[in-house]
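Close look at the chain arrangement
Residues per chain are reported as follows:
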Amino acid sequence: KQHLDAYDQKAETIAGFLRRKLNEMWTASAGLSYSHDNVAQEGTSRLYQLISLPLTISYDSTGIADVLRDPVKGVRASLAVTPTQSFSATDLTFFVLQASASTYFDVSGDGRSVVALRGLAGSILGGSNLGLPPDQRLYAGGSATVRGFAYQSIGPLFPDGNPVGAKSVDAGTIEFRQRIGEDWGRAAFVDAGQASANGAPFNGPVRVGAGIGARYYTAIGAVRLDVAVPVTRVRGGDSFEIYIGLGQAF
């Protein structure tokens, strides 16, 4: 159950996945899922039944076996293709394509000063933007894409300012991370991204956010506090955003 600015959702999903480690750096997975999805957007409620086949290939050269450790070198990348068939409200076949990569540079040589870069892009092939289930559309804004903007706030908007969702999204980040003593760290970052009703990435106004953050390292990972401001503003947007999470942003 979700209550978001973009939509309200009640859904039940059953899914199974098979994951295979191909070698030290490559991993592949395949899955099958069924969702009974009731979504309301702008006062209109629709029932979707979705069958999806998510296929993913990923690469990791960071050499990190402990998920609680922060990567300080190497590359992480993934490519996902998800063919989906929608029934009930719409009879539609579409494909969700998503690619992401991040790389890390140990500038101090001891893992305490790290420059981290992230890029991602996504596109949906098939159907019109408004013909897709709202929860299957792509969204930008928030800690996973562009900090300084509210969750899902970047991209097409309805006349009342609520997010429509998009058929394409892209985002990039540069972040500097500095450890302080054993338990503390700090970060400075710039994020940029865009989302569009066009199916090809790199369309629409570019939104940029910048900020600083604090990290407190615990036995279950880094507790993250980021404060970011929008360098480029959106209609009705906030003057700053605060994000709290467990683990690094990427």
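Up top is the structure.
First things first, this report covers the structure right here in the doc. Quantities reported herein were computed from a predicted structural model and do not represent experimental measurements.

What follows covers a nonpolar patch on the surface. On the surface, Ile180, Trp184, Tyr216, Ile220, Val223, Leu225, Val227, Val229, Phe240, Ile242, Ile244 and Leu246 cluster together into a nonpolar patch covering about 1,100 Å² of accessible area. Elements with a minimum of two residues in the nonpolar patch: β12 (221-230) and β13 (241-246). The element best represented in the nonpolar patch is β12, accounting for four residues. By the secondary structure assignment, isoleucine 220 is in the loop between β11 (207-218) and β12.

This part takes up the pattern of salt bridges. This model, assessed by the stated rule, comprises eight salt bridges. One salt bridge in this structure joins glutamate 175 and arginine 215, with 3.9 Å as the shortest N-O distance. Placement of glutamate 175 in strand β9 (residues 168-180) and of arginine 215 in strand β11 is noted, with a sequence separation of 40 residues between them. Residue class for arginine 215 comes out buried when judged on its relative accessible area of 1%. Through salt bridges with shared partners, a single ionic network connects Arg147, Glu175, Arg177, Asp191, Arg215, Arg224 and Asp226.

Looking at the secondary structure, you find tryptophan 184 in strand β10 (residues 184-196). Overall, the relative accessible area of 47% leaves tryptophan 184 in the partly exposed class. For the pair tryptophan 184 and glycine 221, spaced 37 residues apart in sequence, the C-alpha separation works out to 12 Å. Once residues within four sequence positions are removed from consideration, tryptophan 184 is found in contact with Arg179, Arg215, Tyr216 and Tyr217.

Tracing the backbone through its elements, the reader meets threonine 145 in the loop between β8 (113-125) and β9. Residue threonine 145 is classed as buried on the basis of its relative accessible area of 9%. At 2.7 Å, the side chain of threonine 145 and the backbone nitrogen of glycine 141 are in polar contact. Excluding anything up to four places from it in sequence, threonine 145 contacts Arg118, Leu120, Tyr139, Ala140, Ala171, Thr173 and Asp191.

Mapping serine 108 onto the fold places it in the loop between β7 (92-106) and β8. Under the relative-accessibility criterion, serine 108 is labelled partly exposed at 37%. With twelve residues separating them in the primary sequence, serine 108 and valine 96 have C-alpha atoms 39 Å apart. Among the polar contacts made by the side chain of serine 108, one reaches the main-chain amide nitrogen of arginine 112 at a distance of 3.5 Å.

Time to look at the pairing of β9. Across eleven bridges, β8 lies against β9 in antiparallel orientation. Pairing of arginine 118 across the sheet is with threonine 173, part of β9. In the sheet, β9 pairs with β10 via 13 bridges, with the strands oriented antiparallel. Looking at the pairing, isoleucine 180 lines up with tryptophan 184 of β10. A loop of three residues connects β9 with β10, the two strands running antiparallel in sequence, and glycine 181 in this loop sits at a positive phi of about 65°.

Reading guide: rules and limits
Residues numbered from 1 in each chain as written. Predicted model: local features only at pLDDT ≥ 70, side-chain atom pairs only at ≥ 80, totals over all residues. Heavy atoms only, no water. Patch = residues over 30% accessible without salt bridge, like charges linked within 9 Å, V, L, I, M, F, W, Y side chains within 5 Å. Areas by Shrake-Rupley, 256 points an atom, 1.4 Å probe, with all protein chains shown as cover. Salt bridge = Lys/Arg side-chain N within 4 Å of Asp/Glu carboxyl O. Helix = DSSP H or I, 4+ residues; strand = E, 2+ residues; numbered from the N terminus. Buried < 20%, exposed > 50% of the residue type's maximum accessible area, 1.4 Å probe, protein only. Contact = heavy atoms within 4.5 Å. Polar contact = N/O pair within 3.5 Å; in protein donor to acceptor, adjacent residues only side chain to side chain. Pairing = 2+ DSSP bridges.

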